[in-house]
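Per-entry structural report
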Amino acid sequence: MIFGYNVEKIRQDFPMLSKPIIYFDNACMSLKPMQVISKINEYYKEYTACAGRSAHRLASRVEEEIDKSRNEVKSLINARHSSEIVFTRNTTEGINLAANSIGLNNGDEIVISDKEHNSNLIPWLKLRKNGIKVVVAESNKDNTFNLENFRKSFTSKTKLVSIVFTSNLDGATNPVKEIARISHQNGALIMVDAAQSAPSMEIDARKLDVDFMAFSGHKMLGPTGTGVLYGKKELLENMEQFIVGGETVADSTYNNYKMEEAPMKFEAGLQDYSGIIGLGEACRYLKKIGLRNISEHEKKLNKAITESLIREEKISIIGPAEHEKRAGIFSFNIDGVDPHNAAKILDASKNIMTRSGAHCVHSWFNKHNLKGSVRASLYLYNTEEEAKIFVDEIKKIIKMEV
Amino acid sequence: MVLCILALPIFAVLGIFSLKYRKLTLEALDCLFKTATLRKCRSSLDDRTKAAMAGKALKFSPKAAGLVYRNYKIISWLLLIIFLWSAYEGSLGAYNYYKYGNCNGPSDTGLCLLDPTGSNSKISAIDIDTQTNIVYPFAEKDDPIIGSESAKLTIIEFGCYACPYTKKAEPIIKEVLEHYQGKVNLQFKTFYIPSHHMSYKSALAADCANEQGKYKEFHNLVFQWQDNISDDTINRIADNTGLDTKKFNDCIAKERYKSEVDADTLMGVHAGVSGTPTFFINKQKIVGPKPFRTFKSIIDEELKK
């Protein structure tokens, strides 16, 4: 038992959990606690206004709340400055921002892994038309990160490494600290897709020494349409703008304009204030529960599921067999059952919500000639009883003998 | 694909009210079109439904779920056959209702969902065995005719003066005779319904009125006074129609036309009549106070012959 961790008390904060559902699709979207919902509503009920533009007291309040949120995110990932936190719509936008602003040139090379989400693959593939080469470092057979292959991927032209932190495909967490060290040794910057890590892992951006890190609010109890791009201050300051317009410039004439400083220069147009404020509240909530506790809780549930199903002949687990290497993700296939059908059966029989398909990692599934998988992703509010029901239902599906 | 055929009309109707079903309709339509043009249907509607059904069955037992999952194609074909059969029966019912006022045709008095109160098919019935050897009724020269004597077609009506449904059919028959003036006439044959008060006596009275040449007037007035029919009412009708009441009452008292009344009822029984009103247009039978369109459909067919 994790000391002081009361899952039943946590569940009371989540209105969605009053429904008769077992929500195991957290890697796609987390549920929202009442604290976050109330905080979002607070903006609309009490201080709806523009930040950074108007001088009245409501605008000042919004500005103040946005600053608080930025500080919450900064503290969550232990960034050095709050100006290193750029608010985006999601991880995808954060990576696109970096891809288009870092200043990659013809002939430069980028290293990625073979398990990247489309959001950390397509933005780089798109740059190939500018003469940029994308190098894919292959994983080990058990889908864990292969440092040797990674080392071999570098050339003198490698300018950037963009790697997933915890894979949404199988939950395997990559050794980002080591990857960052090797990248820097080779003179490359490192960008991390932390969409699956930020919600349930203690992340110390300074200790990891990553240059950029993107994650989404909606997977970490925050509102949809919110995300973060972390970037080292000196890098952000020297980067080109991505989307430009209102709030990204300090001044303009008909012929020229003066760029704002980071992070403002990257936050074009009117922002999703209620969302950003809600995201700040989500960070507060996560810190209160404790990310280490959440991580331990997920692992405990994954252990229960893995140990109950790993010996089933018809079950094949995607990723490493050891549950401790797969965080809160149990991605699998049942022999003879289409993954979409399996997910639909779970929904229809016991209201269990799982994800099925390629999980936006089509490249990996294509390479392995698989249609997809069923993915159960666990989070802080899931219970051992839910894990048991899930296991029982999977065993029943196996007994269907299809 | 099978499910797409099945789903298309259902979703199309539901789609009028809901965007969700509109999307499913388009999906089913696309699948049907692709199949018809010998291309692969990529809709996962079949799979989704299969899994949802198996999931529901899994609540009871894995074996049941497996059975549904493995035999889904057979199940969907069976559903399609049932659906097509129901659609055919439903359409036939709607066609019959439109044409004959009853889902099962002009001679049926059973339940029709399009006429839930059964207003087109109610009859005053007698308890009688179904006739196997039908002898179709015919117009008799010594019985009175309503409408043109020289008409090509005669409707034979088996009715009862005390029957509310025979009364209900009266304005419809009048409309028919007016519409087909000169082409169609009517011979009303009294069909005795024992459970109806004055059924027999009013039948005798009509024949007695005919004796004095006042049949049509008497016939019309009896229906007008039907709700209060009694000996006294019949006398008042006789008065109003200018009958010689002494002769009229004597005729009734002596049951002078008993054999005619009995013969009419017997003719009805031989023709398979089990209640009033029942109409015959040649060999076509209409049971109950069916709407004008029912008579029109059959008369038009018979006049063409």
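Look up a bit, the structure's there.
What this report covers is the structure whose coordinates are included nearby. (Residues numbered from 1 in each chain as written. Chains lettered and ligands numbered in written order. Predicted model: local features only at pLDDT ≥ 70, side-chain atom pairs only at ≥ 80, totals over all residues. Heavy atoms only, no water.)

1. Notes on the overall build of chain B
Rule in force here: Only DSSP runs of H or I covering at least 4 residues are called helices, and only runs of E covering at least 2 are called strands; the numbering of each starts at the N terminus. C-alpha atoms define the radius of gyration in this analysis, and the globule rule sets the expected value at 2.2 Å times the number of residues to the power 0.38. Classification of residues uses two cut-offs on accessible area relative to the type maximum, computed with a 1.4 Å probe and protein chains only: under 20% is buried, over 50% is exposed, and between them is partly exposed. We call two residues contacting when some pair of their heavy atoms lies within 4.5 Å. Every accessible area reported is derived by Shrake-Rupley at a probe size of 1.4 Å, with residue values counting cover from the shown protein chains alone. Just so you know, the count uses Lys and Arg for positive and Asp and Glu for negative, and it drops His and the chain ends. Where a charge lies is defined by one atom per residue type: Lys uses NZ, Arg uses CZ, Asp uses CG and Glu uses CD.
Along chain B, the regular secondary structure elements total 12 helices and six strands. What you see for chain B is a C-alpha radius of gyration of 28 Å, clearly larger than the 19 Å of a compact globule of 305 residues, by over 25%. Expressed along its principal axes, the backbone C-alpha trace of chain B runs to roughly 90 × 45 × 40 Å. Within chain B, buried positions represent 45% of all 305 residues. Long-range pairs, those at least 24 residues apart, make up 70% of the contacts in chain B between residues at least 6 apart in sequence. Only carbon and sulfur atoms are counted for the fraction: they give 59% of the accessible area of chain B, which is about 16200 Å². Across chain B, 39 positive and 33 negative side-chain charges occur, with their mean positions spaced 16 Å apart.

2. Quick notes on the nonpolar core
Note the cut-off: Residues grouped as a nonpolar core are buried Ala, Val, Leu, Ile, Met, Phe, Trp, Tyr and Cys residues, joined through side-chain atoms within 4.5 Å. Source of the domain bounds: an automatic or database domain assignment.
With 64 residues, the main nonpolar core has F150(A), M213(A), L380(A) and Y381(A) as its most contacted residues. Here the element with the most residues in this core is helix 10 (residues 273-289) of chain A; it accounts for nine residues. If you count residues domain by domain, this core takes at least three from each of domain 1 (7-30 + 290-399) and domain 2 (36-288) of chain A. In contact with L380(A), other than residues within four places in its own chain, are Y5(A), V7(A), I10(A), F14(A), L221(A), Y285(A), I289(A), I294(A) and H297(A). A169(B), F223(B), I229(B) and I237(B) belong to the second largest nonpolar core, which has 41 residues in total.

3. Remarks on the side chain of E281(A)
With respect to the helices and strands, E281(A) occurs in helix 10. Among all residues touching E281(A), those that are not within four sequence positions of it are Q35(A), V36(A) and K39(A).

4. A word on the packing of helix 7 (residues 199-211) of chain B against helix 11 (residues 258-270) of chain B
All names here are of chain B. The condition that has to hold: Here an axis means a line fitted to C-alpha atoms, over the contact stretch when the element is a helix, while the angle between two N-to-C directions is reported on a 0 to 180 degree scale. By convention, the crossing between two helices is left-handed when the near helix turns anticlockwise from the far helix through less than a right angle, and right-handed when the turn is clockwise. Under the scheme applied, nonpolar residues are Ala, Val, Leu, Ile, Met, Phe, Trp, Tyr, Cys and Pro; charged residues are Asp, Glu, Lys and Arg; polar residues are all the others, including Gly.
At a minimum axis separation of 9 Å, helix 7 and helix 11 run at an interaxial angle of 115 degrees. The two elements helix 7 and helix 11 cross, and the hand of that crossing is right-handed. For the pair formed by helix 7 and helix 11, the contact residues are Y200, A203, L204 and D207 on the first element and K258, E260, V261 and D262 on the second. By residue class, the composition of the contact of helix 7 with helix 11 is four nonpolar, no polar and four charged.

5. Considerations on the interface of chain A and chain B
Interface size is often expressed as the accessible area that is lost when the parts come together. Keep this limit in mind: Here the quantity called buried area is the accessible surface, traced with a 1.4 Å probe, that two parts lose on coming together, added over both. Salt bridge, as used here: a side-chain nitrogen of Lys or Arg that lies within 4 Å of a carboxyl oxygen of Asp or Glu. Distance and chemistry together define a polar contact, namely a pair of N or O atoms within 3.5 Å, with one atom able to donate a hydrogen and the other to accept it when in protein, and with adjacent residues in sequence counting only for side-chain atoms on both sides.
Of the residues lining the interface, 14 residues belong to chain A; the matching set on chain B comes to 15 residues. Here chain A and chain B share an interface that buries about 1200 Å² over both sides, 67% of which is from carbon and sulfur atoms. Among the residues chain A hides against chain B, the three largest losses belong to N341(A), A348(A) and M400(A). Together they make up 41% of the total. Between chain A and chain B we count zero salt bridges in total. Linking chain A with chain B are three residue pairs in polar contact (both at pLDDT 80 or more), by the criterion used here. For the side of chain A that touches chain B, the element with the highest residue contribution is helix 12 (residues 339-350) of chain A, accounting for five residues.

6. With respect to the environment of L153(B)
Residue and element names in this part refer to chain B. Relative to the elements of secondary structure, L153 occurs in strand 2 (residues 153-159). C-alpha separation for the pair L153 and I299, spaced 146 residues apart in sequence, amounts to 8.2 Å. Apart from residues no more than four positions distant in its own chain, L153 is found in contact with K183, V184, N185, I281, N282, I299, E302 and L303.

7. Some remarks on the state of the cysteines
Worth spelling out the cut-off: Two cysteine sulfur atoms form a disulfide, by the criterion used here, when they sit within 2.5 Å.
Taken as a whole and judged by the stated rule, the model has two disulfides over all chains. Each disulfide pairs two cysteine sulfurs, and for C103(B) the partner residue is C112(B), the sulfurs being separated by 1.9 Å. One disulfide, between C103(B) and C112(B), carries an S-S torsion of 55 degrees and so falls in the right-handed class. In this model C208(B) forms its disulfide with C251(B); the gap between the sulfur atoms is 1.9 Å. Its S-S torsion of about -80 degrees marks the bond between C208(B) and C251(B) as left-handed, since a negative value means left-handed. Of this pair, C208(B) sits in helix 7 while C251(B) sits in helix 10 (residues 245-253), and the two are 43 residues apart along the sequence. Overall, the relative accessible area of 0% leaves C208(B) in the buried class. By relative accessible area, C251(B) is classed as buried at 1%. There is no disulfide at C28(A), and the cysteine sulfur nearest it, in C360(A), is 7.8 Å away. There is no disulfide at C283(A), and the cysteine sulfur nearest it, in C28(A), is 19 Å away. For C283(A), a relative accessible area of 0% translates into the label buried.

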